[in-house]
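In case you want the letters, here they are:
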Amino acid sequence: MTQTKKINSRTADGRLPSLPSIQKLFNQACKNELYKKKYSGFKLNSWDDFFKLPLTYKNEMRRLKPDGTLAVPMSEAWHYHESFGTTGEPVTSWFTVDDYEREAKQTMRWTSEIKKGMLV
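If you're wondering where the values come from, they're calculated on a predicted model, not measured in any experiment.

A. Expanded view of the packing of aromatic side chains. Per the counting criterion, the structure on display carries 10 aromatic pairs. Relative to Y39, the ring of Y35 has its centre 5.3 Å away and its plane inclined at 15°; by these criteria the two rings are stacked. Accessibility assignment for this pair places Y35 and Y39 in one class, buried. Between the aromatic rings of W47 and F51, the centroid separation amounts to 6.0 Å while the plane-to-plane angle is 35°, which identifies the pairing as tilted. One end of the pair is W47 and the other is F51, both in helix α3 (residues 47-52) and four residues apart, which spans about a single turn. Each residue in the set F26, Y35, Y39 and F42 is aromatic and connected to the rest through ring pairs, giving one cluster.

If you want it as structure tokens, here you go:
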């Protein structure tokens, strides 16, 4: 019998995010080219459904045109980013203003304990 290791994705305070928040994120992601195809017909009704979602790989994202990872109307996109492409073609990502601000706050929280002279 093979055991499946469950991934425990937790919020900054250690709790699992609420299922409705994950469902909202899933529904938003399914508006982009990749996930619209990949998750066509898939329903996310439970955490078990979530853990059955297939992983996404860089090669899948690389095959998309730059706006293929966009999950909001272009008018809501605020920041465009590409990876350096050191291991192949760059991977694109888009951020809304809210995404960008949330990322900045998380980075500040995660790095707040780093002090001058520390090796990271």
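B. Examining the pattern of salt bridges more closely. Summed over the entire model, instances satisfying the criterion amount to three salt bridges. Across the pair E60 and K38 runs a salt bridge, and its minimum N-O distance is 2.9 Å. Of this pair, E60 sits in helix α4 (residues 58-62) while K38 sits in helix α2 (residues 33-38), placing them 22 residues apart in sequence. Residue E60 is classed as buried on the basis of its relative accessible area of 15%.

Here is what the cut-offs are and how they apply
Residues numbered from 1 in each chain as written. Predicted model: local features only at pLDDT ≥ 70, side-chain atom pairs only at ≥ 80, totals over all residues. Heavy atoms only, no water. Phe/Tyr/Trp six-rings, centres within 6.5 Å; stacked < 30°, edge-to-face > 60°. Buried < 20%, exposed > 50% of the residue type's maximum accessible area, 1.4 Å probe, protein only. Helix = DSSP H or I, 4+ residues; strand = E, 2+ residues; numbered from the N terminus. Salt bridge = Lys/Arg side-chain N within 4 Å of Asp/Glu carboxyl O.

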